[in-house]
Amino acid sequence: MAVTMACLSGKGGVGKTTTTINLAAALAEEGRRVLAIDCDPQSNLTSGLGFNREEVTCTIGDVLTGRASSAVDAIVASRWQDLWIIPANPALAGLEVELHSVENRDLLLRNATSSSKLQHAFEYILFDPPPSLGFLTTSVLAAINQVVVPLQMSGYAILGLQDVLRTVQRVRRQINPDLRVLGVVPTFVDMHTGFSRDILDGIRTIPNLRVFDAVIKQTVKLQETSLAGVPVTAYAPASEAARAYRKLAHEIIAVT
């Protein structure tokens, strides 16, 4: 069975999609069969893996509405070995309204991705939810077992983490008792500033919360990859950012 996980954040700009893309690529680089599922109407995971979001013909939205017969039919291969994707496009923004009368709509994604055929085809399935804690994010949390929290080193870091933890607890209690937080990934870290170091040290003192050793520092290379539609592990394979995501992949493999 596949390890199912999502990078979760209640706000944008913290490196959520960037982490999903590059973690997926780093896991695939290790020879793990990886499926990345874009569940965000912004479709940045789709474009970040080299697809034109306006031209994809079958999306996760089609799967959830039944326009695609199964999730397997929506899978497309990326340019990189062992890495596949179910894309999204901006039409996903209207999905909540479209499904408003569907019973147990929060479970549609779980039902669509829990088939034996899909689960045995991949070792890791990574979902990219929106940077909010609404319907699509709840649907993702119902479908996975592990949450990775990209946490920007800012003054709001702890507050953002508390929001995520509360959401996970709510979904665990109401929908998915197997859900747990795997760990926190520090992002946008500037180790030259005492502020970043203090926030990082503070997070590491929180009991029963794993903080991964991999630290994602501020770098222009990650900004360039979003425009290029290429993971940093392929775009700049010798860069510090690529090494950090490979380290994160190794840590996740060790604990899953």
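Residues numbered from 1 in each chain as written. Predicted model: local features only at pLDDT ≥ 70, side-chain atom pairs only at ≥ 80, totals over all residues. Heavy atoms only, no water.

J.: Summarise helix 9 (residues 194–203); cite the residues concerned and give the values.
T.: Those residues of helix 9 that fall on the buried side of the exposure criterion are Ser 196, Ile 199, Leu 200 and Ile 203. Down the axis of helix 9, the sector holding all buried residues measures 100°, keeping them to one side. Buried residues along helix 9 sit in contact with strand 6 (146–152), helix 8 (157–174) and strand 7 (180–187). (Buried < 20%, exposed > 50% of the residue type's maximum accessible area, 1.4 Å probe, protein only. Helix = DSSP H or I, 4+ residues; strand = E, 2+ residues; numbered from the N terminus. Arc of directions from axis to C-beta. Contact = heavy atoms within 4.5 Å.)

J.: Account for the pattern of salt bridges, naming residues and giving values.
T.: On inspection of all chains with the given rule, the structure shows ten salt bridges. The salt bridge partner of Arg 67 is Glu 98, with a shortest N-O separation of 2.9 Å. Residue Arg 67 is found in the loop between helix 3 (60–65) and strand 3 (76–77), and its partner Glu 98 is found in helix 4 (residues 95–98); the two are separated by 31 residues along the sequence. A relative accessible area of 54% means that Arg 67 is categorised as exposed. (Salt bridge = Lys/Arg side-chain N within 4 Å of Asp/Glu carboxyl O.)

J.: Account for helix 10 (residues 220–228), naming residues and giving values.
T.: Sitting at the amino-terminal end of helix 10 is Thr 219, which places a side-chain oxygen 3.1 Å from the backbone nitrogen of Lys 221. Once helix 10 ends, the next one or two residues include Gly 229, with phi positive near 70°. (Polar contact = N/O pair within 3.5 Å; in protein donor to acceptor, adjacent residues only side chain to side chain.)

J.: Break down the side chain of Thr 138 for me, citing the residues and quoting the values.
T.: Inspection of the secondary structure puts Thr 138 in helix 7 (residues 135–143). Aside from chain neighbours lying at most four places away, what touches Thr 138 is Asp 106, Leu 133, Arg 170, Val 171 and Ile 175.

J.: Describe the environment of Leu 95, naming the residues involved and giving the relevant values.
T.: Relative to the helices and strands, Leu 95 is located in helix 4. The sequence separation of Leu 95 and Thr 65 amounts to 30 residues, and the corresponding C-alpha distance is 8.2 Å. Beyond its immediate sequence surroundings of up to four residues, Leu 95 is in contact with Gly 61, Leu 64, Thr 65, Phe 135 and Leu 136.

J.: Describe in detail the layout of surface pockets, supporting the description with residues and values.
T.: As a volume, the largest pocket reaches approximately 570 Å³. The wall of the largest pocket is formed by 30 residues, among which Gly 15, Lys 16, Thr 17, Thr 18 and Phe 188 lie closest to the centre. Elements with a contribution of two residues or more to the lining of the largest pocket: helix 1 (16–29), helix 2 (44–48) and helix 10. Examining the composition of the lining of the largest pocket, we find that six residues originate from one element, helix 1, more than from any other. Among the residues making up the lining of the largest pocket, the classes are represented as nine nonpolar, 17 polar and four charged. (1 Å grid on protein atoms, 1.4 Å probe; cavity = no way out; pocket = protein on both sides within 12 Å on 5 of 7 lines; lining within 4 Å. Points joined across faces, edges and corners; volume = space filled by probe spheres on them. Nonpolar A, V, L, I, M, F, W, Y, C, P; charged D, E, K, R; others polar.)

J.: Give a detailed account of unusual backbone geometry, specifying residues and quantitative values.
T.: Unlike most non-glycine residues, Asp 82 shows phi in positive territory, near 70°. For Asn 208, which is not glycine, the phi dihedral falls at a positive 60°.

J.: An account of the packing of aromatic side chains is requested, with residue identities and associated values reported.
T.: Enumeration over the complete set of coordinates arrives at one aromatic pair. Ring plane angle 70° and centroid distance 5.6 Å describe the contact between Trp 84 and Phe 122, whose orientation is recorded as edge-to-face. Of this pair, Trp 84 sits in strand 4 (residues 83–86) while Phe 122 sits in the loop between helix 6 (116–121) and strand 5 (124–128), and the two are 38 residues apart along the sequence. Classification of Phe 122 as buried rests on a relative accessible area of 6%. One residue, Arg 33, lies across the ring of Phe 122, its end atom 5.9 Å from the ring centre. (Phe/Tyr/Trp six-rings, centres within 6.5 Å; stacked < 30°, edge-to-face > 60°. Lys NZ or Arg CZ within 6 Å of the ring centre and 35° of its normal.)

J.: Go over the sheet that holds strand 4 with me, naming the residues and quoting the values.
T.: Taken in spatial order, the seven strands line up as 3-4-2-5-1-6-7 in an open sheet, and their pairing is mixed. At either margin of the open sheet sits one strand with a lone partner, and together these are strand 3 and strand 7. Of the pairings in the sheet, the one linking strand 2 (residues 34–38) to strand 5 comprises five bridges and is parallel in character. Looking at strand 5, one finds that Ala 36 is bridged to Leu 126. (Pairing = 2+ DSSP bridges.)

J.: An account of the environment of Ile 75 is requested, with residue identities and associated values reported.
T.: Position of Ile 75 among the secondary structure elements: in the loop between helix 3 and strand 3. Taking C-alpha positions, Ile 75 is 8.5 Å from Thr 59, a pair spaced 16 residues apart along the chain. Among residues more than four places away in sequence, those in contact with Ile 75 are Leu 35, Trp 84, Ile 85, Ile 86, Leu 118 and Phe 122.

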